[in-house]
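The primary structure of each chain is shown beneath.
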Amino acid sequence: MTPIKVFFLEPTDIEKRWLRRYRLSASHTCSNGSYCNAMFVFGEGPVNVRGWAPPRTDPRWPTKCDICGQPFNEREEFQEFANTIYVCKATGLRTTLREAPPGACWNASWIADRRDGQGCGSLIGPDGRCLVVKCPDGHDWMIDARASNCTMPDEGTHHCWVRHGTPEDGTLHVDKNGHTCAAGAGSILTPRWHGFLHNGFLHELESAPGGFPAFER
């Protein structure tokens, strides 16, 4: 796989909106193995504003599951669903985090703003941020979290993955050079991908058909 450049996303004050219908799996198990779900892109608007959805009689509300096609009844859920739009200042890319492509990196500020200290115990890096990277298989890797095979589970000030540089200038690099545990060599193993983040790029090591998220090798 060609190395994927890591780029930084910053939040805007605009959100992308969907009209969502869903059905709990207790009443019907969808063919996706979970619950029925359907979403219609409704547009954009200011973040954290509610009450924007049209009446339930509006034909834009989904009427059946996007996966199995099972119709919804009127008692099943109607939901205003929204995600903040993020922008990459270097390229102008606008995206939500759920739709962000591989290589996207952002600060999980909802975590960083509510934690003290730093290290895997607080999920905070040396710059006071909690950085997350979208891996090639779509997995969100929280760099500042604790690895599942951490060898110092009772010590929270170390970093299982030690990061250097910043995603803004393309120098973000992750290794084991610093106050760390003995787990692995600084790589990341997701359910379907195994690789490194070195010098601003995601590099694949091998195909990973199975594994455990946030497992260091």
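A brief report on the enclosed structure follows. Note that the structure is predicted; figures quoted are calculated from it, not measured.

### Some words on the overall build of the protein chain
Inference 1: When you go through the protein chain residue by residue, the secondary structure sums to 1 helix and 14 strands.
Inference 2: Expressed along its principal axes, the backbone C-alpha trace of the protein chain runs to roughly 60 × 35 × 35 Å.
Inference 3: Across the 217 residues of the protein chain, 44% fall into the buried class.
Inference 4: Within the protein chain, contacts between residues separated by at least 24 positions form 60% of all contacts whose residues are at least 6 apart in sequence.

### Brief notes about the layout of surface pockets
Inference 1: Considering only enclosed or pocket space, the largest pocket measures out at about 170 Å³ in volume.
Inference 2: Among the residues forming the lining of the largest pocket, the class breakdown is 6 nonpolar, 2 polar and 5 charged.

### Remarks on the side chain of Thr180
Inference 1: Relative to the helices and strands, Thr180 is located in the loop between strand E11 (173–175) and strand E12 (188–189).
Inference 2: Here Thr180 falls in the buried class, since its relative accessible area comes to 18%.
Inference 3: A polar contact of 3.4 Å, which involves the side chain of Thr180, links it to the backbone oxygen of Cys160.
Inference 4: When near neighbours in sequence (up to four residues on either side) are disregarded, Thr180 contacts Met152, His158, His159, Cys160 and Val162.

### Concerning the packing of aromatic side chains
Inference 1: Across all of its chains, the model carries 5 aromatic pairs by this definition.
Inference 2: Here Trp18 and Phe81 contribute two aromatic rings whose centre-to-centre distance is 5.7 Å and whose plane-to-plane angle is 70°, an arrangement assigned as edge-to-face. Residue Trp18 is located in strand E3 (residues 10–23), and its partner Phe81 is located in strand E5 (residues 77–87); the two are separated by 63 residues in the primary sequence. Here Trp18 and Phe81 have matching classes, each one buried.
Inference 3: Ring plane angle 75° and centroid distance 5.5 Å describe the contact between Trp141 and Trp161, whose orientation is recorded as edge-to-face.

### Some details on the pattern of salt bridges
Inference 1: One pass over the structure, following the stated rule, counts 12 salt bridges.
Inference 2: Of the charged contacts in the structure, one is a salt bridge between Lys16 and Glu99, with a shortest N-O distance of 2.9 Å. Taken together, the residues Lys16 in strand E3 and Glu99 in the loop between strand E6 (94–96) and strand E7 (104–107) connect sequence positions 83 residues apart.
Inference 3: Given the relative accessible area of 19%, Lys16 is considered buried.
Inference 4: Classification of Glu99 by relative accessible area gives partly exposed; the value is 38%.
Inference 5: Sharing partners across several salt bridges, the network here consists of Asp127, Arg129, Asp144, Arg163 and Glu168.

### Focus on the side chain of Arg21
Inference 1: Relative to the elements of secondary structure, Arg21 occurs in strand E3.
Inference 2: Put simply, Arg21 is tucked away with no salt bridge, and the nearest opposite charge, on Glu76, sits 4.9 Å away.
Inference 3: Polar contacts involving the side chain of Arg21 include one to the main-chain carbonyl oxygen of Asn73, which spans 2.8 Å.
Inference 4: Reaching out from Arg21, the side chain makes a polar contact with the backbone oxygen of Glu77 at a distance of 2.7 Å.

### Let's talk about the pairing of E7
Inference 1: Side chains Ala104 and Trp106 project from E7 onto one buried face, and the interleaved Cys105 and Asn107 project onto a second face that is buried too.
Inference 2: Bridge analysis of strand E2 (residues 7–8) against E7 gives 2 bridges, and the strand direction is parallel. Within E7, the residue paired with Phe8 across the bridge is Cys105.
Inference 3: As defined by bridge partners, E7 adjoins strand E8 (residues 131–134) across 3 bridges and the pair is classed as antiparallel. Across the sheet, Asn107 pairs through a bridge with Leu131, a residue of E8.

Reading the values: the criteria
- Residues numbered from 1 in each chain as written.
- Predicted model: local features only at pLDDT ≥ 70, side-chain atom pairs only at ≥ 80, totals over all residues.
- Heavy atoms only, no water.
- Helix = DSSP H or I, 4+ residues; strand = E, 2+ residues; numbered from the N terminus.
- Buried < 20%, exposed > 50% of the residue type's maximum accessible area, 1.4 Å probe, protein only.
- Contact = heavy atoms within 4.5 Å.
- 1 Å grid on protein atoms, 1.4 Å probe; cavity = no way out; pocket = protein on both sides within 12 Å on 5 of 7 lines; lining within 4 Å.
- Points joined across faces, edges and corners; volume = space filled by probe spheres on them.
- Nonpolar A, V, L, I, M, F, W, Y, C, P; charged D, E, K, R; others polar.
- Polar contact = N/O pair within 3.5 Å; in protein donor to acceptor, adjacent residues only side chain to side chain.
- Phe/Tyr/Trp six-rings, centres within 6.5 Å; stacked < 30°, edge-to-face > 60°.
- Salt bridge = Lys/Arg side-chain N within 4 Å of Asp/Glu carboxyl O.
- Lys, Arg positive; Asp, Glu negative; His and termini not counted.
- Pairing = 2+ DSSP bridges.

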